[in-house]
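Secondary and tertiary structure notes
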Amino acid sequence: VQLQASGGGLVQAGGSLRLSCAASGRTFSSYVMAWIRQAPGKEREFVAAITSGGGSTVYPDSVKGRFTISRDNAKNTVYLQMNSLKPEDTAVYYCAARSSWYRLHDLRSYDYWGQGTLVTVSS
């Protein structure tokens, strides 16, 4: 699976952005999809995940209630809607794919990664 993230940009605090991640390959619908971010000078951080069928999602407390992950398996695309953005959300956002719903925070277990898209939130 090849992943291509897009939609990043510069936004003011309190604003919104929607990221997209387009996948190639016919097996997209079999993968758990996730968004992971890396802020300048920090380690990568799990942001959101969605099951292969889209029926379940999970978020860390830092983004819960502000971010929403969704997917369209017919379009081989996963989305991240980000609302009420804060300066601390500034990071490169990556989409990633894996086979299982187990230990989602273990970033070493993701099989495929996109190239990342930069989100900058100004105060």
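Criteria and thresholds
- Residues numbered from 1 in each chain as written.
- Predicted model: local features only at pLDDT ≥ 70, side-chain atom pairs only at ≥ 80, totals over all residues.
- Heavy atoms only, no water.
- Helix = DSSP H or I, 4+ residues; strand = E, 2+ residues; numbered from the N terminus.
- Rg over C-alpha atoms; globule rule 2.2 N^0.38 Å.
- Contact = heavy atoms within 4.5 Å.
- Areas by Shrake-Rupley, 256 points an atom, 1.4 Å probe, with all protein chains shown as cover.
- Pairing = 2+ DSSP bridges.
- Axes fitted to C-alpha atoms, helices over the stretch in contact; angles between N-to-C directions.
- Disulfide = S-S within 2.5 Å.
- Buried < 20%, exposed > 50% of the residue type's maximum accessible area, 1.4 Å probe, protein only.
- Salt bridge = Lys/Arg side-chain N within 4 Å of Asp/Glu carboxyl O.

Looking only at helices and strands, one finds zero helices and 11 strands in the protein. In the protein, the succession of helices and strands from N to C terminus is β-β-β-β-β-β-β-β-β-β-β. The globule rule puts the C-alpha radius of gyration for 123 residues at 14 Å, and the 13 Å found for the protein is close to it. Partitioning the intrachain contacts of the protein with sequence separation of at least 6 by distance along the chain shows that 57% fall at a separation of at least 24. Accessible surface, the protein: about 6300 Å² in total, of which carbon and sulfur atoms supply 47%.

Here we take up the sheet that holds strand S7 (residues 67-72). With respect to topology, four strands assemble into an open sheet ordered S1-S3-S8-S7, the strand pairing being antiparallel. Looking at which strands have only one partner, the edges of the open sheet turn out to be strand S1 (3-6) and S7. Between one strand and the next, the sheet's axes are offset by a mean angle of 15°, whatever the strand orientation. Summarising the sheet, strand S3 (residues 17-23) and strand S8 (residues 77-82) pair through six bridges and their orientation is antiparallel. Its bridge partner lying in S8, alanine 22 is registered against threonine 77.

This brings us to the state of the cysteines. For the structure shown, the criterion picks out one disulfide. Put simply, cysteine 21 and cysteine 95 are joined by a disulfide, and their sulfur atoms are 2.1 Å apart. Looking down the S-S bond of the cysteine 21 and cysteine 95 bridge, the torsion is 60°, so its handedness is right-handed. Taken together, the positions of cysteine 21 in strand S3 and cysteine 95 in strand S9 (residues 91-98) put the pair 74 residues apart, joining distant regions of the chain. For cysteine 95, a relative accessible area of 0% corresponds to the buried category.

On inspection of all chains with the given rule, the structure shows six salt bridges. A salt bridge links aspartate 89 to arginine 66, with the shortest nitrogen-to-oxygen separation between them at 2.7 Å. Linking aspartate 89 in the loop between S8 and S9 with arginine 66 in the loop between strand S6 (57-58) and S7, this pair joins segments that are 23 residues apart in sequence. Residue aspartate 89 is classed as buried on the basis of its relative accessible area of 0%. On the basis of relative accessible area, arginine 66 is assigned to the buried category, the value being 11%. Here aspartate 106 and arginine 108 are joined by a salt bridge, their closest N and O atoms 3.1 Å apart. Judged by relative accessible area, aspartate 106 falls into the buried class, the value being 16%. If you follow the salt bridges from partner to partner, you end up with Arg37, Glu45, Arg66 and Asp89 in one network.

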